[in-house]
Amino acid sequence: MTDGVVIGPDGQARCPWGLEDASREDYRRYHDTEWGVPVRGDDALFERICLEAFQSGLSWLTILRRREGFRAAFAGFSIAKVAAFTEADAERLLADPRIIRNRAKIGAALANAKAAAEWAPGELTSLVWSFAPDAGTRPVPHTAADVPPLTPESTALSKELKRRGFRFVGPTTAYALMQACGLVNDHLAGCHVRG
């Protein structure tokens, strides 16, 4: 281990969470190909907002392993389609074993879709990305302890999403969204993905 990173069996240096153990290939693949890669597009960001909210209090591995189930249950995370879901759809989701069956989180996903459906195309993308900090102002993290759980930007993003009718988007969830969608680069110094 050097500078906080872990060297995998393939010789690549990674953030420690990306290679916790051999049984978590899902983490490695997500770390290497998706986490921190810029995401744009309203439906794509809506999916990430929903998944980050469902992850709250749970392991991200749980969400990764159910992601295709979530996509099927939530109509591919099409904002327009999810905004049209009815109370019967909410009950269907509560009975769907492919997803996390939490009434508050399901309710938030439906409410968030209804809120986002009122916006102009591209507005969710513009809003989220407007909170991306200037990359030059952020220090490069060298260890996991250098990565904050939230920032002033994530707090402001959370506040704005809530003001616009979103639920289950606290500052920590908003920061996880910012990390996952490439608004910030929290890959550790020395991680092969950082560059």
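Quick summary incoming for the structure in this document. Small disclaimer: the values here were computed from a predicted structure and weren't measured.

Turning to the nonpolar core, a few remarks are in order. Soluble globular proteins: nonpolar side chains tend toward being buried together. Core analysis: the largest hydrophobic core is formed by 51 residues, its most contacted members being Phe70, Phe74, Leu124 and Phe166. Each residue touching Phe70, except ones within four places of it in the same chain, is listed here: Leu51, Phe54, Ile63, Phe77, Arg98, Ile99 and Ile100. Ranked by size, the runner-up nonpolar core spans five residues in total, among them Val5, Ala13, Cys15 and Leu188.

Time to look at the state of the cysteines. Overall, the coordinates contain zero disulfides when judged by the stated rule. Free cysteine Cys181: the closest other cysteine sulfur is in Cys50, separated by 12 Å. For Cys181, a relative accessible area of 0% corresponds to the buried category. The thiol of Cys191 is not disulfide-bonded; the next cysteine sulfur, from Cys15, is found 3.9 Å away.

Attention now goes to the pattern of salt bridges. All told, the structure shown has 18 salt bridges when counted by the stated rule. Across the pair Glu34 and Arg48 runs a salt bridge whose closest N-O atoms are separated by 2.7 Å. Of this pair, Glu34 sits in the loop between helix H1 (25-33) and helix H2 (42-55) while Arg48 sits in helix H2; the two residues are 14 residues apart in sequence, bridging distant segments of the chain. For Arg164, the salt bridge is made with Glu123, and the minimal N-O distance between the two is 2.9 Å. Of this pair, Arg164 sits in the loop between helix H8 (152-163) and helix H9 (171-180) while Glu123 is found in helix H7 (residues 123-129), placing the two residues 41 residues apart along the sequence. Salt bridges sharing common partners tie together Asp10, Arg14, Glu25, Arg28, Arg29 and Asp32.

Parameters and conventions
Residues numbered from 1 in each chain as written. Predicted model: local features only at pLDDT ≥ 70, side-chain atom pairs only at ≥ 80, totals over all residues. Heavy atoms only, no water. Core = buried A, V, L, I, M, F, W, Y, C linked by side-chain atoms within 4.5 Å. Buried < 20%, exposed > 50% of the residue type's maximum accessible area, 1.4 Å probe, protein only. Contact = heavy atoms within 4.5 Å. Disulfide = S-S within 2.5 Å. Salt bridge = Lys/Arg side-chain N within 4 Å of Asp/Glu carboxyl O. Helix = DSSP H or I, 4+ residues; strand = E, 2+ residues; numbered from the N terminus.

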